[in-house]
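Below, each chain spelled out in residue letters.
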Amino acid sequence: MCGMLSVIFVILIFGFLFVESFTFLKNFGIFRFITGKHWFPASNPPSFGILPLIIGSILITFGACIIAIPISIMSALFISEIAPENLRDFLKFLIELMAAIPSVIIGFIGMIILVPFIKKTFNLSTGLTAFSGSIVLAFMSMPTMISISEDAIHSVPWKYKEGAIALGATKWQTIRKVVLKAAMPGIIAAIMLGIGRIIGETMAVMMVTGNASNIPKTIFVPVRTMTATIAAEMGETVRGSMHYRSLFAIGLILFLITFIINLIADLFLRKIRR
Amino acid sequence: MVEKIIVENLNCYYNKNCILDSLNFSILKNEILNIIGPANSGKTTFLRTLNRMNDYNTYYSRNGNIYLDKLNIFNMSVEKLRRRIGMLFAMPIPLPMSIYENIVFAPKCLGLIFEKSKQDYIVECVLKAVFLWNEVKDRLNKSAMEISGGQQQRLCIARILAINPEIILFDEPCSGLDPISTAKVEETIIELKKKYTIVFVTNNVKQASRIGDRTAFFLMGKIIEINKTEEFFISPKQKKTADYISGRFG
Ligand SMILES: Nc1ncnc2c1ncn2[C@@H]1O[C@H](COP(=O)(O)OP(=O)(O)OP(=O)(O)O)[C@@H](O)[C@H]1O
Ligand SMILES: [Mg+2]
């Protein structure tokens, strides 16, 4: 029943986005829309190329993953396997607290502390860069990734560890070859949820990335993401205009990307379970 | 007879409760020593003390010494000790990986084998030694969770053989098995005696009389009697032993 309901919702959302953006995609052309290098929706004639936005999103997401995934897995391992009991409770509490911080606040902290810091450290003209976005997003996705991986690691039956240790494996070998392996489906689920949060995040990213819709050549330049574009421009558009509809088309693309990521995650999880 | 293990004034405690009470005895090379006794008499605790699996339990403490070939096991590295003293638990614990990987896991961890051909060879040898080869040779890469309980238990024995220990501890290895699987496991254990020293804990008095060279009777953390299995069952010296093996208590 619940499953049916969520399927219906997904179809409805997709249908809504599709209907709203259909005339735009038909007139402008899907291919031109996705591969266009320039996003100048207000100039004359307007140009609706979202390639810079897609690359911006991917770059920031990728950067955030590289930072967040290893740290999260190691933290989860530390919390459930190494930390003594009272420290573990304290850390879990801390992580729940972190998860509860609204993204605007993280963005704000990023803006006043991280951005100037990056500007100074890397000697850049501005600290509003893709790199800053990745760090902020990594920070935001880590609580999810850590707490869910920690659950997965913690629920590996004690007898597996005992079985491995009794065979002469060291604690570290046991963790690496048995615990991590057994917990892998859960860890992957945690990572995918974290990535979901990273891709969908809007406010914090808008505050620290500079929002320049150029195709970035390095991670140390300002970029703009798809979510930020929708959030920033929706208020300025005329309802029903080309620009308005193009934002829905971005929404549609975002929806498809998240859908595909979830699908891959799901396939992967199933393969591992078997 | 060579003394393989000497237990000297061993006391073990959980939360300061005395679980093993001044044990003094030895285990001979290439013998099967049965340990029998009612529930909670400390049999498992003794085995877990022997390969130091209880070192991780913060409620556990002990004093006294155990010597393996004259060396104090409490001064050895635990990994080296467990390589020499393998332990089989009451319930089969296959690791969450394939049958093949279950066997090569420990040798790889211990840095004993690396080449694939050597691994294949060892897998085949140890599976044959536990009479499991014919049953699983076509699905070595399937998950070890997918075979029956009795097969899992024999796989766990095979896994221990792969590290080629000197002593193997069996903790009621048949308690979860049906009679046919039990017979197979027993057969395996008797076969192993040629190469290994075996400590065999069981709740089943009949099983003990079938298997071991000597039998020790544990009661409330003390050894009541230890003797040649035949004499032990035919003419027990202690009244408590006689009562226990005739099923009058415990
Ligand atoms: N991890 C533990 N923490 C605290 N007490 C324990 C622990 N393990 C065992 N004990 C206690 O130690 C005593 C001996 O237990 P042990 O498991 O050695 O008995 P056993 O002879 O193996 O019994 P069984 O035949 O039921 O397996 C019991 O009273 C038990 O309650
Ligand atoms: Mg026991």
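Residues numbered from 1 in each chain as written. Chains lettered and ligands numbered in written order. Predicted model: local features only at pLDDT ≥ 70, side-chain atom pairs only at ≥ 80, totals over all residues. Heavy atoms only, no water.

## A few points about the overall build of chain B
Thinking step 1. Within chain B, the secondary structure is distributed over 10 helices and 10 strands.
Thinking step 2. Taken over C-alpha atoms, the radius of gyration comes to 18 Å for chain B, in line with the 18 Å a tight globule of 250 residues would show.
Thinking step 3. Considered along the principal axes of its C-alpha atoms, chain B spans approximately 55 × 40 × 35 Å.
Thinking step 4. A separation of at least 24 residues holds for 66% of the contacts in chain B among residues at least 6 apart in sequence.
Thinking step 5. Looking at chain B as shown, the accessible area adds up to about 11100 Å², and 52% of this sits on carbon and sulfur atoms.
Thinking step 6. Computed over 34 positive and 26 negative side-chain charges, the inter-centroid distance for chain B is 2 Å. (Helix = DSSP H or I, 4+ residues; strand = E, 2+ residues; numbered from the N terminus. Rg over C-alpha atoms; globule rule 2.2 N^0.38 Å. Contact = heavy atoms within 4.5 Å. Areas by Shrake-Rupley, 256 points an atom, 1.4 Å probe, with all protein chains shown as cover. Lys, Arg positive; Asp, Glu negative; His and termini not counted. Charge placed at Lys NZ, Arg CZ, Asp CG, Glu CD.)

## Brief notes about the sheet that holds strand E2 (residues 17–28) of chain B
All names here are of chain B.
Thinking step 1. Taken in spatial order, the four strands make up an open sheet running E2-E1-E4-E5, and their pairing is antiparallel. Every interior strand has two partners, whereas the edge strands, E2 and strand E5 (71–72), have only one.
Thinking step 2. Sheet analysis places strand E1 (residues 3–14) next to E2, joined by eight bridges and oriented antiparallel. Counterpart to Val 7 in the pairing with E2 is Phe 25. (Pairing = 2+ DSSP bridges.)

## Examining the packing of helix H6 (residues 130–154) of chain A against helix H8 (residues 171–200) of chain A
Residue and element names in this part refer to chain A.
Thinking step 1. Relative orientation of the contacting elements H6 and H8 amounts to 150 degrees, with a least axis distance of 8 Å. Accordingly, the angle class assigned to the pair H6 and H8 is roughly antiparallel. Between H6 and H8 lies a crossing of right-handed hand. On H8, the residues touching Leu 137, Met 140, Ser 141, Thr 144, Met 145, Ile 148, Ser 149, Ala 152 and Ile 153 of H6 are Val 179, Ala 183, Gly 186, Ile 187, Ala 190, Ile 191, Leu 193, Gly 194, Ile 195, Arg 197 and Ile 198.
Thinking step 2. Split by residue class, the contact of H6 with H8 holds 14 nonpolar, five polar and one charged. (Axes fitted to C-alpha atoms, helices over the stretch in contact; angles between N-to-C directions. Parallel < 35°, antiparallel > 145°, perpendicular 65-115°, else oblique. Left-handed = near helix turned anticlockwise from the far one by under 90°. Nonpolar A, V, L, I, M, F, W, Y, C, P; charged D, E, K, R; others polar.)

## Side note on the nonpolar core
Thinking step 1. Phe 33 and Ile 250 of chain A together with Ile 5, Phe 46, Phe 105, Leu 127 and Phe 170 of chain B are the most contacted members of the largest nonpolar core, which has 141 residues in total.
Thinking step 2. Excluding residues that lie within four positions of it along the chain, Phe 170 of chain B makes contacts with Leu 47, Leu 88, Ile 157, Ile 189, Leu 192, Ile 198, Val 199, Phe 200 and Val 201 of chain B.
Thinking step 3. Core analysis: the next-biggest nonpolar cluster, separate from the first, contains 10 residues, Ala 208, Phe 232, Phe 233 and Ile 245 of chain B among them. (Core = buried A, V, L, I, M, F, W, Y, C linked by side-chain atoms within 4.5 Å. Buried < 20%, exposed > 50% of the residue type's maximum accessible area, 1.4 Å probe, protein only.)

## Some remarks on the packing of aromatic side chains
All names here are of chain B.
Thinking step 1. Scanning all chains against the criterion turns up 20 aromatic pairs over all chains.
Thinking step 2. Between Phe 46 and Phe 218, the aromatic rings sit 5.9 Å apart at their centres with planes inclined by 55 degrees, giving tilted as the arrangement. Separated by 172 residues along the polypeptide, Phe 46 in helix H1 (residues 43–50) and Phe 218 in strand E9 (residues 214–219) bring together distant segments of the chain. Per residue, the accessibility class of Phe 46 equals that of Phe 218, and both read buried.
Thinking step 3. Ring centres 5.2 Å apart and planes at 70 degrees place the aromatic pair Phe 232 and Phe 233 in the edge-to-face group. (Phe/Tyr/Trp six-rings, centres within 6.5 Å; stacked < 30°, edge-to-face > 60°.)

## Examining the pattern of salt bridges
All names here are of chain B.
Thinking step 1. In the structure shown here, the tally under the stated rule is 22 salt bridges over all chains.
Thinking step 2. A salt bridge links Arg 154 to Glu 135; its shortest N-O distance comes to 3.3 Å. You can see Arg 154 sitting in helix H6 (residues 149–161) and its partner Glu 135 sitting in helix H5 (residues 133–136), a full 19 residues away along the chain.
Thinking step 3. Under the relative-accessibility criterion, Glu 135 is labelled partly exposed at 27%. (Salt bridge = Lys/Arg side-chain N within 4 Å of Asp/Glu carboxyl O.)

## As for the site of ligand 1
Residue and element names in this part refer to chain B.
Thinking step 1. Inspection of the region around ligand 1 gives 13 residues, with Asn 40, Gly 42, Lys 43, Thr 44 and Thr 45 positioned closest.
Thinking step 2. With respect to ligand 1, the side chain of Thr 45 contributes an N or O atom lying 2.5 Å from an oxygen atom.
Thinking step 3. A distance of 3.2 Å separates an oxygen atom of ligand 1 from a polar side-chain atom of Glu 172.
Thinking step 4. Coverage of ligand 1 by the protein chains reaches 64% of its 630 Å² of free accessible surface.
Thinking step 5. When residues of the shell around ligand 1 are assigned to their parent elements, the largest contribution, three residues, is made by H1.
Thinking step 6. Here the shell around ligand 1 is built from residues that sort into four nonpolar, seven polar and two charged. (Near = heavy atom within 4 Å. Polar contact = N/O pair within 3.5 Å; in protein donor to acceptor, adjacent residues only side chain to side chain.)

## What to know about the interface of chain A and chain B
Many structure descriptions define interface size as the accessible area lost when the parts assemble.
Thinking step 1. On the chain B side, the residues contacting the 16 residues of chain A number 22 residues.
Thinking step 2. Taken together, the two surfaces of chain A and chain B that pack against each other cover about 1800 Å², and 70% of this comes from carbon and sulfur.
Thinking step 3. Across the contact surface, chain A and chain B share two salt bridges.
Thinking step 4. Its salt-bridge partner being Arg 48 of chain B, residue Glu 162 of chain A comes within 2.6 Å of it at the nearest N-O pair.
Thinking step 5. Across the chain A-chain B interface, the total number found is three residue pairs in polar contact (both at pLDDT 80 or more).
Thinking step 6. Considering every element that reaches the side of chain A that touches chain B, the biggest residue donor is helix H7 (residues 158–166) of chain A, with seven residues.
Thinking step 7. Its residues assigned to classes, the side of chain A that touches chain B shows eight nonpolar, four polar and four charged. (Buried area = accessible area lost by both parts, 1.4 Å probe.)

## Concerning the confidence of the model for chain A
Thinking step 1. Residue-level pLDDT values for chain A average 90, and 98% of them are 70 or greater.
Thinking step 2. The weakest mean pLDDT in chain A belongs to helix H11 (residues 242–273) of chain A at 84; the strongest belongs to helix H3 (residues 51–82) of chain A at 94. (pLDDT = per-residue confidence, 0-100.)

## Observations regarding unusual backbone geometry
Thinking step 1. Residue Pro 45 of chain A is reached from Asn 44 of chain A by a cis peptide bond, and omega for that bond is 0 degrees.
Thinking step 2. Mapping Pro 45 of chain A onto the fold places it in the loop between strand E1 (39–40) and strand E2 (47–48).
Thinking step 3. Despite not being glycine, Asn 211 of chain A shows a phi value in the positive range, around 55 degrees.
Thinking step 4. Its location among the elements puts Asn 211 of chain A in the loop between helix H9 (203–208) and helix H10 (226–233).
Thinking step 5. In this structure, Asn 15 of chain B takes a positive phi of about 50 degrees despite not being glycine.

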